[in-house]
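Coordinate inspection notes
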Amino acid sequence: MTQPGHVDAVVVGAGIAGLYALHRLTEAGLTVQGFEAGDGVGGTWYWNRYPGARCDVESVDYSYSFDDDLQQQWDWTERYAAQPELLRYLEHVADRFDLRRHIAFGTRVDAASFDAATGRWTVQTDAGTTTAQFLVLAVGCLSAAQVPDFPGLETFRGEVLHTGQWPAEGVDLAGRRVGVIGTGSSAIQAIPVIAEQAEQLVVFQRTPNYSVPAGNRPLSPDELAEVKAGYAEHRRRARNTFFGFAFPLSELSSRPALEVPAADRDREFQARWDRGGAGMTRAFADILTDRQANETAAEFIRSKIRATVTDPGTAELLVPVDHPFGTKRPPIDTNYYESFNRDNVTLVDVRSDPIVEVVPSGVRTGAASHDLDVLVLATGFDAMTGPLLRMDIRGVGGRELRDKWAAGPVTYLGLATEGFPNMFVVAGAGSPSVMSNMVVSIEQHVDWIVACLQHLRSEGHTLIEACADAEQAWVEHVNATAARTLYPEANSWYLGANVPGKPRVFMPYVGGIVDYRQRCEDVAARGYAGFRSS
Ligand code: N01
């Protein structure tokens, strides 16, 4: 595709957010150019092809709601869709709404700068330059792979693979000795599948994690038909929950955990454990805000780990103790703890026995050398700000976003940042994004952005920019909301704690999607209060 000289809007990224932004902006009559570093659509679901990759939000919820024909005609096959099915879905959406013709694939945006004289953004890619009135950044929250600086990594004779950059053609692990570094969501999904394929698997764990069974299963035609028959109501209900998808409710969900007798509490945890999925954090009203309440859930999960893992020493190493349950994104799994009962799986605790270096034959810790053919880095991402700051973005007067955000992201509603007019971020820092069903948040953000641009044009204006005082107030509100929860107690990627040198700032907004949507709607209803336009 030839890169156009000028368009109304540039959209960076062709994942769930970018595709929807392209659809809505073109529908609104704007000329739009999309840029995508990958050779196809899909974003997260294009890049994360590691064994076992699957969404942790149920497929009937983790899907677009904007088009009824789409949701009626697409048939999900499993409770949680696996990566290939999600990719097929997003490819179908791109074709169905004829979006590919707007996207330059295999084209990475390196830089974008705003020219106050023309009121235009100049977007520079590895293939050329395009100018645009609006810049919509739909680059994802977990798209910048974080590769730790292990000494000697480049000397490894075997293959090094990051889960978030898995080769599209797949990797044959049969008969090979595989090491996995990390025990986050990616590792917890990959380990049981790799354990079945590989000859030997060594798991290098720094922090034990709390994982709950996913309860994945095929979706029966009857179940699917029932959801479809009431889809509008299903979506409405989801949009009116805290996270954007409905956990099972019980009369206990609104009560503090410690007010409930211990036997009833455990019965409730057991019911959620049996149902599977992410509902444990919502079993009682205060699991994520009160340390003692949290401890009841944490202790329930610890007892499950001890009951599942047959070797008591391994079980103790897998038991999380250093952070409250749910304060790191809680993984859900299929046979994760069971994998450690296999003869071909070994757990290495790198907290007590740290990785010293990678050598040509494998990984050396203080106490042992582990010979490997493949080293899988399930080491996560430079989350939320990483994908933006890896580009050179400059606003009014050449001000660098990297400088403005040197102490952490500063946004108004997570959507915009002062000094960078006509630039919008979809599902970025300061919005619920990763603290919600991403698809629900993405649709809400894109709809808001498109309505904002239409309002701007109807007023005869060309520029819109967040005001410094509104932005400051929003940042304070985001921080104060996080401080009322247990989230800041964990060294999580939410806080940037996984990237050496990254400022420790809690990035997502944890006020819930209903509160957040209401605030966005209020801002719009008050003539985009907190923004100035001209
Ligand atoms: O990454 P992570 P992820 N030495 O950052 C360890 C989403 N997601 O790719 O905890 C040794 O969670 C690190 O250890 P520690 C989901 O939102 C969703 O797994 O920092 N270990 C940790 O164990 C998720 O939260 C789905 O001590 C090192 C691991 O690597 C997010 O993506 C599936 C290390 C990184 O875990 C990120 O998940 C997958 C080092 N130097 C992902 N550096 C679903 O929808 C890091 N680690 C199901």
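Residues numbered from 1 in each chain as written. Predicted model: local features only at pLDDT ≥ 70, side-chain atom pairs only at ≥ 80, totals over all residues. Heavy atoms only, no water.

Looking at an unreviewed UniProt entry, one finds the protein chain named Cyclohexanone monooxygenase, with Modestobacter versicolor as its source organism. Taken verbatim from the UniProt record of the protein chain, the Sequence similarities (unreviewed entry) comment is "Belongs to the FAD-binding monooxygenase family." Database annotation for the protein chain, UniProt heading Cofactor (unreviewed entry): "FAD". (UniProt positions renumbered as here; feature names shortened; annotations may be inferred.)

This paragraph deals with the site of the ligand. The ligand sits among 23 residues. The nearest are Thr183, Ser186, Arg206, Thr207 and Lys328. For the ligand, an oxygen atom lies 3.0 Å from a polar atom in the backbone of Asp56. Backbone polar atom of Ala378 to an oxygen atom of the ligand: 3.2 Å apart, as the coordinates give it. For the ligand, the accessible surface in isolation is 910 Å², of which the surrounding protein chains cover 88%. For the shell around the ligand, the element with the highest residue contribution is helix 5 (residues 185-197), accounting for three residues. Split into classes, the residues belonging to the shell around the ligand amount to nine nonpolar, nine polar and five charged. (Near = heavy atom within 4 Å. Polar contact = N/O pair within 3.5 Å; in protein donor to acceptor, adjacent residues only side chain to side chain. Areas by Shrake-Rupley, 256 points an atom, 1.4 Å probe, with all protein chains shown as cover. Helix = DSSP H or I, 4+ residues; strand = E, 2+ residues; numbered from the N terminus. Nonpolar A, V, L, I, M, F, W, Y, C, P; charged D, E, K, R; others polar.)

The sheet built from three strands is open, its strands ordered 13-14-15 with antiparallel pairing. In the strand order of this sheet, the two ends are held by strand 13 (355-359) and strand 15 (369-371), each with one partner. Averaged over all pairs of adjacent strands, the angle between their axes in this sheet comes to 20 degrees, without regard to strand direction. Inspection of the sheet shows strand 14 (residues 362-365) paired to strand 15 by three bridges, in the antiparallel sense. When the sheet's bridge partners are listed, Arg364 is paired in strand 15 with Ser369. (Pairing = 2+ DSSP bridges. Axes fitted to C-alpha atoms, helices over the stretch in contact; angles between N-to-C directions.)

With that settled, the discussion passes to the environment of Gly40. Summarising the element assignment, Gly40 is placed in the loop between strand 2 (32-35) and helix 2 (44-47). Under the relative-accessibility criterion, Gly40 is labelled buried at 10%. With 33 residues separating them along the chain, Gly40 and Gln73 place their C-alpha atoms 23 Å apart. Beyond its immediate sequence surroundings of up to four residues, Gly40 is in contact with Tyr46 and Phe105. (Buried < 20%, exposed > 50% of the residue type's maximum accessible area, 1.4 Å probe, protein only. Contact = heavy atoms within 4.5 Å.)

Looking now at the layout of surface pockets. Over the atoms rolls a probe the size of a water molecule, and its path tells where empty space is left. Estimates place the volume of the second largest pocket at around 390 Å³. Lining of the second largest pocket is provided by 16 residues; of these, Glu58, Val60, Val227, His234 and Arg275 occupy positions nearest its centre. The set of elements that each furnish at least two residues to the lining of the second largest pocket consists of helix 6 (221-229) and helix 7 (231-239). Residue composition of the lining of the second largest pocket, grouped by class: six nonpolar, two polar and eight charged. (1 Å grid on protein atoms, 1.4 Å probe; cavity = no way out; pocket = protein on both sides within 12 Å on 5 of 7 lines; lining within 4 Å. Points joined across faces, edges and corners; volume = space filled by probe spheres on them.)

The subject of this paragraph is the pairing of strand 8 (residues 177-181). Most of strand 8 sits inside the fold, with four of its five residues counted as buried. Judged from the five bridges that link them, strand 8 and strand 9 (residues 200-205) form a sheet pairing that is parallel. Considered in strand 9, the bridge of Val180 is made with Val203. Between the parallel pair strand 8 and strand 9, the chain is carried across by helix 5, and the sense of this crossover is right-handed. Bridge count for strand 8 against strand 16 (residues 374-377) is four bridges, and the pairing is parallel. (Right-handed = clockwise from strand over helix to strand, strands pointing away.)

Each α-helix turn comprises 3.6 residues. Residues three or four places apart therefore point the same way. Compared with the 20 Å implied by 1.5 Å per residue over 14 residues, the 20 Å span of helix 4 (residues 83-96) between its first and last C-alpha is a close match. Buried within helix 4 we find Gln83, Glu85, Leu86, Leu87, Tyr89, Leu90, Val93 and Ala94. Against helix 1 (16-27), helix 2 and helix 3 (68-73) lie the buried residues of helix 4. One or two residues past the end of helix 4 sits Asp98, with phi positive at roughly 55 degrees. (Expected span 1.5 Å × (residues − 1).)

Before going further, it helps to spend a moment on the sheet that holds strand 16. Taken in spatial order, the five strands make up an open sheet running 7-16-8-9-12, and their pairing is parallel. Of all strands in the sheet, those with a lone pairing partner are strand 7 (159-162) and strand 12 (345-349), marking the two edges. Strand-to-strand twist across the sheet, computed as the mean angle between neighbouring axes with direction ignored, equals 20 degrees. With four bridges joining them, strand 7 and strand 16 adopt parallel strand pairing. The residue bridging Val160 from the neighbouring strand is Leu375, located in strand 16.

Turning next to the pattern of salt bridges. As enumerated under the stated definition, the model contains 32 salt bridges in all. A salt bridge links Glu27 to Arg24; the shortest N-O distance between them is 3.3 Å. Of the two residues, Glu27 and Arg24 are both situated in helix 1; the distance of three residues between them amounts to about one turn of the helix. When the shortest N-O distance is used, the salt bridge between Arg532 and Glu465 registers 3.6 Å. Taken together, the residues Arg532 in strand 20 (residues 531-533) and Glu465 in strand 19 (residues 464-466) connect sequence positions 67 residues apart. We classify Arg532 as partly exposed; its relative accessible area is 42%. In the salt-bridge network here, residues are joined through shared partners; they are Glu295, Glu299, Arg302, Arg306 and Glu316. (Salt bridge = Lys/Arg side-chain N within 4 Å of Asp/Glu carboxyl O.)

Tracing the sequence through the fold places Arg302 in helix 9 (residues 291-308). Judged by relative accessible area, which is 5%, Arg302 ranks as buried. There is a polar contact of 2.7 Å between the side chain of Arg302 and the side chain of Glu299. With residues near it in sequence (within four places) discarded, Arg302 still touches Tyr210, Glu295, Val319, Pro320 and Val321.

Next up on the list: the packing of aromatic side chains. Enumeration over the complete set of coordinates arrives at 28 aromatic pairs. Ring centres 6.0 Å apart and planes at 40 degrees place the aromatic pair Tyr20 and Tyr64 in the tilted group. Of this pair, Tyr20 sits in helix 1 while Tyr64 sits in the loop between helix 2 and helix 3, placing them 44 residues apart in sequence. In terms of burial, Tyr20 and Tyr64 fall into one category: buried. Seen from the ring of Phe242, Arg282 lies directly overhead, with NZ or CZ sitting 4.5 Å from the centre. (Phe/Tyr/Trp six-rings, centres within 6.5 Å; stacked < 30°, edge-to-face > 60°. Lys NZ or Arg CZ within 6 Å of the ring centre and 35° of its normal.)

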